[in-house]
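Descriptive structure summary
So you can see what is in the structure, the chains are spelled out below.
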Amino acid sequence: MEKKKNLFYVKGEPFIALAGEAHNSSSSTAYFMESVWEKAQEQGLNTVLLPVTWELVEPVEGTFDFATQDAIIAQARERGMHIIFLWFGSWKNAQCMYAPNWVKTDLERFPRAQVEKGQNKCQLKDFYGMPYTTLSYLGEETNKADARAFAEFMKHLKEIDEAEQTVIAVQVENETGMQGAGREHSDLADELFAGEVPADFAAYMRSHTDEMAEDVKAAVEQGKDGKTWEEVFGDVAEEIFSAYHVASYVNRVAEAGKAVYDLPMTANCWLDKGEKPGKYPSGGPVARVMEVWKFAAPAIDIIAPDIYVQNFCEICDAYTKMGNPLFIPETATHSHVGPRLVYTVGHHHAICFAPFGFEDMGQEFSGTQSYLFGVDTSDPLLQTPQDVDEYRWYNQTIASMTPMLADAYGTNRLQAVITEVPDKNMMMFGSYGFMVLFDLPLISRKDGVCLALQESEDTFYLIANACMLAPISTNPEKPNVDLLAVEEGYFEDGKWVMTRRLNGDETASMNFGEPTLLKIKLFSYK
Ligand code: DGJ
């Protein structure tokens, strides 16, 4: 079987990471992880995203301790689960809280970013006055030390896990970039910013404007022939400068790790939400600077959005430009999450979907979660926790179909629609199609979604919830369409098992009020 570019493979088999990201401190001990694994299994996950922190694995410079990761990998294997480790090195949420103390306390060797000239710490005016410090993206020694530690970790992983492939990918750093300003303001940063833009980078940006964010594209196209960052990148120069340096830094870390163990590597981002750089971490791998990251961080295979905002589907569109596969390392656990999982697999052929703090799925939202998830009264799904049994059903159903889904990844044989994008409710496959209706009076639920996988010209598998299906013929010679067979069922060892043949009242409206897996055969005629 030829391997597809935008898919994970485990021991040669295609693999969709039906995942969850654990809370930041959960993987600091194997002891604490016991209950986390239980939750993961309860939700039908096959992968857990877990931090591995620089401060704990290299508490003394040059002395490494990976005993906790060894124990956690053993726990995963006992349960047949996989791991994507998150390297919390120089950055975590645009700060440096996971750097070891020997890094934090040596400001000469490991300089902090000067958000304001001459200052190692500031208060973020645009962020509730929060006291803020982070490591400089221009710190060569910091970059080397981080890369060395990451390479040690990858070397260890290779030794203990290459044959088993428990760990399928690694995220390098976490939500990189700098808050408080568009760029750093140290003397070194000023000097570089007033200096020349590397010619190959300027040329790349000028020749990759097709999918660029509008303002970045306008700036690049209007860029003068001069050489400084401001001359070449105009109004977006500061963010591009930061992105170039952050991406180059992260690339050196990723490259050092890949050189010893070549696993897929990702970089996640704190979304820009249309704000100005510095309000969100400037230089982080947001879609608007994806071109910069693709150029300066070739060792990063995937740019991964952390999506807590309500325009989830638009964000998915933005992060699949430039051939970037959809990999969602963090998203909210309210009851949009089940349909969104199905939608991202069906519509974007996602390779990883992970609710954050999945351990809490199903629980009422606390104050912090309400803030994080944008809980508000305008949308009942935002206020309601996802039902865990249904989430497990979605995961198990997708897992049972993975070989067929993976075979259809990258083709239009696999499609999906969701209530959140009401104007795109048609799925067309050759001579047949489905119109999917949501929000009808006889449908009481709002979490509508439908994924359709074409098995052969007239036969489809559908995952449907809270929707009504209207089959269509696209053949003008045979415009009428009938249902020849409608079955409910599940897959066992890749084989379809019918649990109920539907006809009569049950197909009169083709209305599905709870998550259902169907096999449908159509017929068209004049
Ligand atoms: C985004 C970060 O990447 C996560 O580690 C976590 O801090 C969540 N935000 C919020 O809790």
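Everything below is about the structure shown above.
A brief report on the enclosed structure follows. Bear in mind that the values here come from a model prediction, so they are computed numbers and not experimental data. (Residues numbered from 1 in each chain as written. Predicted model: local features only at pLDDT ≥ 70, side-chain atom pairs only at ≥ 80, totals over all residues. Heavy atoms only, no water.)

Further remarks concern the packing of helix 1 (residues 30–42) against helix 3 (residues 67–78). Here helix 1 crosses helix 3 at 25°, and the two axes come no closer than 10 Å. As the angle between them shows, helix 1 and helix 3 are arranged roughly parallel. Crossing of helix 1 over helix 3 shows right-handed handedness. Contacts between helix 1 and helix 3 pair Ala30, Met33, Glu34 and Trp37 from the former with Thr68, Ala71, Ile72, Gln75 and Ala76 from the latter. (Axes fitted to C-alpha atoms, helices over the stretch in contact; angles between N-to-C directions. Helix = DSSP H or I, 4+ residues; strand = E, 2+ residues; numbered from the N terminus. Parallel < 35°, antiparallel > 145°, perpendicular 65-115°, else oblique. Left-handed = near helix turned anticlockwise from the far one by under 90°. Contact = heavy atoms within 4.5 Å.)

Moving on to the layout of surface pockets. Its volume calculated, the largest pocket comes out at about 910 Å³. As for the largest pocket, its lining consists of 34 residues, and the residues nearest its centre are Trp270, Lys273, Tyr308, Tyr371 and Leu372. Broken down by element, the residue count for the lining of the largest pocket peaks at 5 residues, all from helix 14 (residues 367–373). Across the lining of the largest pocket, the residue classes tally to 13 nonpolar, 11 polar and 10 charged. (1 Å grid on protein atoms, 1.4 Å probe; cavity = no way out; pocket = protein on both sides within 12 Å on 5 of 7 lines; lining within 4 Å. Points joined across faces, edges and corners; volume = space filled by probe spheres on them. Nonpolar A, V, L, I, M, F, W, Y, C, P; charged D, E, K, R; others polar.)

This paragraph deals with the sheet that holds strand 22 (residues 511–512). Spatially, 15-16-19-22 is the arrangement adopted by the 4 strands of the open sheet, whose pairing is antiparallel. What marks the edges here is a single partner per strand, and that holds for strand 15 (426–429) and strand 22. One ladder, built from 6 bridges, connects strand 16 (residues 432–437) with strand 19 (residues 467–473); its direction is antiparallel. Each bridged residue has a counterpart across the sheet, and for Val436 the counterpart in strand 19 is Leu469. (Pairing = 2+ DSSP bridges.)

On to the site of the ligand. Close to the ligand lie Asn24, Lys92, Asn93, Asn174, Glu175, Asn268, Asp306, Tyr308, Glu330, Phe356 and Leu372. Measuring from an oxygen atom of the ligand, one finds a side-chain N or O atom of Asn174 at 2.8 Å. Glu330 places a polar side-chain atom, nitrogen or oxygen, 2.5 Å from an oxygen atom of the ligand. Considered on its own, the ligand offers 290 Å² of accessible surface; in the complex 83% of this is hidden by protein. Split by residue class, the shell around the ligand holds 3 nonpolar, 4 polar and 4 charged. (Near = heavy atom within 4 Å. Polar contact = N/O pair within 3.5 Å; in protein donor to acceptor, adjacent residues only side chain to side chain. Areas by Shrake-Rupley, 256 points an atom, 1.4 Å probe, with all protein chains shown as cover.)

What follows concerns the sheet that holds strand 10 (residues 302–307). In spatial order, the strands read 11-13-3-4-5-8-9-10-12; together these 9 strands make up an open sheet with parallel pairing. Looking at which strands have only one partner, the edges of the open sheet turn out to be strand 11 (327–328) and strand 12 (330–331). Bridge count between strand 4 (residues 47–53) and strand 5 (residues 82–92): 7 bridges; the pairing is parallel. Paired with Leu50 across the strands is Phe85, a residue of strand 5. Helix-sheet contacts for helix 5 (residues 140–161) involve strand 4, strand 5, strand 8 (167–174) and strand 9 (265–270), and the interaxial angle to strand 5 is about 165°.

Taken by themselves, the reported measurements are silent on function.
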